[in-house]
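Working through the structure, step by step
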Amino acid sequence: MRLYSQASKLMVGGVSSPVRAFRAVGGVPLFIERGSGPFIWDADGNRFTDYVCSWGALIHGHANAVVSKNACHAVRRGSSFGAPTVQELELARSISGRVKSIRKIRFVNSGTEATMSAVRLARAYTRRKKILKFEGCYHGHADMFLSKAGSGLATLSISASPGVPPEVAVDTITVPYNDKAAAERAFGRFGDEIAAVIVEPVAGNMGVVPPSPGFLSELRGLTMEHGSLLIFDEVITGFRVARGGAQALYGISPDLTCLGKIIGCGFPVGAYGGRSDIMEMIAPEGPVYQAGTLSGNPVAMSAGAAALSLLNASAYRKLDAMAARLEDGIADGAARAGVELKTNRVGSMIGIFFSDHDVTNFSQAVSSNVTMFKEFFWRVLNSGVYMPPSPFETLFVSTAHDPSVIDSSVEAFSRAFNGLGRTATSRHSRQGKACF
Ligand code: HOZ
C-alpha cells in the first residue's frame, strides 16, 4: 500500500501498463520483489504461485537457470551495440526452423511494434488501406487496433480510445471472433480494399477463446481469394501452444506472423516475419521504413534462444499435462461448490469464465459474471495464488509448475469456490493486501 501510494504520485495509475493496476478487481496491486520457478514474492515477503508468468513470457517460470545464465553471459559481454550480433542470427535461425511460414524476420522491441509494423508492411505490399480485425482480440496499442479490443481495453471498458483520429479508425473493420459469416460479409463489401486480416489464432486477451473449427481456414481462404494478407498475431501463442505456434497446431500458414513474449523470455522483445517476397519490402531491402536502436538486443536474443532450446517434446507434454490437471481441478472445484463456470484451454493457456454458457466470442466473454470474478480473485490471492487481475486475461502454466504445485493451487481454487457469491463484500476486508 505504501509503495503503491508513492508510485501513484509519480507514475500514471501507479503502474507501467493498465491491467496490472488491479482496477478490474479493486484494491491495489502487489509489488513483486522476486521470482523463482513457479513462485513470486511480494515486497512484504508473501509467496504466491504465479499463473501470470509475465503475461505468458515466462514459459519456464521465473529465473530459469539456463535462461538466466545465457542472459547474464550476454550482459557481461555488453548489453547493446546497435549493430548486428551473433545472438540475433541464432534466434532468427531457431525461430525459422520451428515456424515454417517465417522465411525472413525482423526483430523489434514489443508485440505492439511487431503488429504495427506488420500492418504497415501489409498495406504497402497490397497498396490497400483497410484491415479486418476481431472483437476482443488485442494487438497492442497502435491507433488502428483500439476498437473493441481485449486486454486492458476490455478490462477498463474502453471501446475506443480518444486520441485516435477518425480517419485512422475508419480503415479498421471489426467483426465478431469466430464469426465466419461476418468475415465473409466484410469481404463481400470491402474485399478489394482490405490489406490484411489480423487475428489471434487463439484469442488470449478476452480470457482464452479457441478458434471454432474452420474459422482460421475460412480467413485463409477469404484472404487468398481477395488478394489480402493473413497476419497471425502469435505474440501469446507463439511457441506456447505448440513448437511451431498456433499455425502448426491448426495447420494454417499465414503470410505474416507477429511474435513477442516467449522469444525474449522476460526481456523486451517482438518480431514479425513471413514470406520473403513480402518481408523484402522492409528497409533496407525495400522502401517500407521501420527501425529501432534496441531491436535485436543481444540480452533479449540470448534469453529467447535459451528459452526455445528448452522447448522440446517433453516440455510441451509437461505443459499440456500440468495445464490439464489445473483446468480439471478448477472445473471440478467449481462443480462441487455449485458454481457456474466455463473453462477454455489450449495447451498451457487457460481461461475461466463465471458463466453458464460456452464462451466463443467477446460478447459472451464480457457477459460473464465479473463481480464473482473479483471476489474469486481475492479469495485465491489470499490463499497464495496469483492469477491475472482481470476476467479478460489468460492463466499461464510454465514448465516450472509441477504436480505438487498444481495440486496445492487446485486446493486454493476449490476453497475459493465455496460460498462464492454469497459474501459479495468479503474482498473489502483486506482489499489490496494479501492475507494468510
Ligand atoms: N497486454 C498484456 C496483457 N494481455 C500486458 C498487461 C500488463 O503487463 O499489464
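This is a predicted model, so every value here is computed, not measured. Think of each chain on its own: its residues are numbered from 1, step by step along the sequence as written. Residue-level local features of this predicted model are given only where pLDDT is at least 70; pairs of side-chain atoms are given and counted only at 80 or more, and the full residue set underlies all totals for whole chains, interfaces and linings. As a convention, hydrogens and water are excluded, and side-chain values are obtained from all of the structure's heavy atoms.

This next bit is on the confidence of the model for the chain. You can read pLDDT as the predictor saying how much it trusts each residue, on a scale of 0 to 100. Taken over all residues, the pLDDT of the chain has a mean of 94, while the share at 70 or more is 97%. Here residues 424–436 scores under 50 on pLDDT; set against residues more than four positions off or in separate chains, the count is 30 contacts. Contacts are assigned to residue pairs with any non-hydrogen atoms lying within 4.5 Å of each other.

Our focus in this paragraph is the nonpolar core. As used here, the term nonpolar core means buried Ala, Val, Leu, Ile, Met, Phe, Trp, Tyr and Cys residues forming a set that is joined through side-chain atoms within 4.5 Å. Each residue gets one of three labels from its accessible area relative to the maximum for its type: buried under 20%, exposed over 50%, partly exposed in between, using a 1.4 Å probe on protein chains only. One finds Tyr51, Leu326, Phe354, Phe376, Met387, Phe413 and Phe417 to be the most contacted residues of the largest nonpolar core, which totals 41 residues. At the level of elements, strand E2 (39–42), helix H12 (313–337), strand E12 (349–353), helix H14 (370–382), strand E13 (385–386) and helix H15 (403–417) are the ones that each hand at least two residues to this core. Those residues in contact with phenylalanine 417 that lie beyond four places of it in its chain are Ile330, Gly333, Ala334, Ala337, Val339, Leu341, Phe354, Phe376 and Arg379. Formed by 30 residues, the second largest nonpolar core is a distinct cluster that contains Cys137, Tyr177, Leu222 and Phe362. Helix and strand definitions follow DSSP, with helices as H or I runs of at least four residues and strands as E runs of at least two, each counted in order from the N terminus.

Strand pairing in a sheet relies on backbone hydrogen bonds. The paired strands run either parallel or antiparallel. An order of E1-E2-E3-E13 is seen for the four strands of this open sheet, with the pairing classed as mixed. With one partner strand each, in any of the chains shown, strand E1 (32–36) and E13 form the two edges of the open sheet. Here E1 runs beside E2; their pairing, made up of four bridges, is antiparallel. Counterpart to isoleucine 32 in the pairing with E2 is aspartate 42. For two strands to count as paired, DSSP must find a minimum of two bridges between them.

With that settled, the discussion passes to the site of the ligand. Around the ligand, the neighbouring residues are Ser17, Arg20, Trp55, Tyr138, Ser151, Asn205 and Glu393. Between N or O atoms, a polar contact is any pair within 3.5 Å; within protein, one atom must be a potential hydrogen donor and the other a potential acceptor, and residues adjacent in sequence are included only when both atoms are from side chains. Side-chain polar atom of arginine 20 to an oxygen atom of the ligand: 2.6 Å apart, as the coordinates give it. The contact in question runs from a nitrogen atom of the ligand to an N or O atom on the side chain of asparagine 205, over 2.7 Å. Computed by Shrake-Rupley with a 1.4 Å probe, the accessible areas treat only the displayed protein chains as cover when residues are assessed. Protein chains bury 88% of the 280 Å² of accessible surface belonging to the ligand in isolation. Of the residues in the shell around the ligand, the class split is two nonpolar, three polar and two charged. What makes a residue near a molecule or strand is one non-hydrogen atom of that residue sitting within 4 Å of it. All residues other than Ala, Val, Leu, Ile, Met, Phe, Trp, Tyr, Cys, Pro, Asp, Glu, Lys and Arg, Gly among them, are scored as polar; the first ten of these are nonpolar and the last four charged.

This next bit is on helix H7 (residues 180–190). Considered for burial, the residues of H7 that qualify are Ala182, Ala183, Ala186, Phe187 and Phe190. Down the axis of H7, the buried set is contained in an arc of 140°. They therefore lie on one face. Pointing more than 90 degrees away from the buried face of H7 are the exposed residues Arg185, Gly188 and Arg189. Those residues of H7 that are buried lie in contact with strand E5 (130–134), strand E6 (172–175), strand E7 (194–199) and helix H8 (215–226). The N-capping residue of H7, defined by a side-chain oxygen 3.3 Å from the backbone nitrogen of alanine 181, is aspartate 179. In this description, the arc belongs to the directions extending from the helix axis to the C-beta atoms.

Here we come to the pattern of salt bridges. Close approach of charged atoms allows side chains with opposite charge to pair. Salt bridge, as used here, is a side-chain nitrogen of Lys or Arg placed within 4 Å of a carboxyl oxygen of Asp or Glu. Scanning the model with the defined rule gives 13 salt bridges in all. Where arginine 345 meets glutamate 327, a salt bridge forms, and the shortest distance between an N and an O atom there is 3.1 Å. Placement of the pair is arginine 345 in strand E11 (residues 342–346) and glutamate 327 in helix H12, with a sequence separation of 18 residues. When the shortest N-O distance is used, the salt bridge between aspartate 358 and lysine 342 registers 3.8 Å. Of this pair, aspartate 358 sits in the loop between E12 and helix H13 (362–366) while lysine 342 is found in strand E11, placing the two residues 16 residues apart along the sequence.

On to unusual backbone geometry. Excluding glycine, most residues fall at negative phi; most peptide bonds, likewise, are trans. The step from alanine 283 to proline 284 runs through a cis peptide bond, and the omega angle for that step is 15°. With respect to the helices and strands, the residue proline 284 is situated in the loop between helix H10 (276–279) and helix H11 (298–309). A positive phi angle is found at phenylalanine 239, which is not glycine, with a value near 65°. By secondary structure assignment, the location of phenylalanine 239 is in the loop between strand E8 (229–233) and helix H9 (245–250). Look at phenylalanine 239 and you get buried, because its relative accessible area is 1%. In this structure, lysine 261 takes a positive phi of about 45° despite not being glycine. Assignment of secondary structure puts lysine 261 in the loop between strand E9 (256–260) and strand E10 (270–274).

Below, the discussion takes up the packing of aromatic side chains. Any pair of Phe, Tyr and Trp rings, taking the six-membered ring for Trp, is counted once the centres come within 6.5 Å. Such a pair is stacked with planes under 30 degrees apart, edge-to-face with planes over 60 apart, and tilted for the rest. Inspection of every chain in the model, using the stated rule, returns 12 aromatic pairs. Note on phenylalanine 39 and tryptophan 41: the rings are 6.3 Å apart at their centroids and 65° apart in plane angle, and the pair reads as edge-to-face. The buried category is assigned to tryptophan 41, whose relative accessible area is 16%. With a centroid separation of 5.4 Å and 90° between ring planes, the pair formed by phenylalanine 377 and tryptophan 378 is classed as edge-to-face. By relative accessible area, phenylalanine 377 is classed as buried at 0%. Assessed through its relative accessible area of 1%, tryptophan 378 is described here as buried. Within the aromatic cluster, the residues linked to one another by ring pairs are Tyr51, Phe354, Phe376, Phe413 and Phe417. Consider the ring centre and the ring normal. A charge sits over the ring if Lys NZ or Arg CZ is within 6 Å of that centre and within 35 degrees of that normal. Over the aromatic face of tryptophan 41 sits the side chain of arginine 34, whose NZ or CZ is 3.9 Å from the ring centroid. Note that arginine 47 overlies the ring of phenylalanine 39, its terminal NZ or CZ placed 3.8 Å from the centroid.

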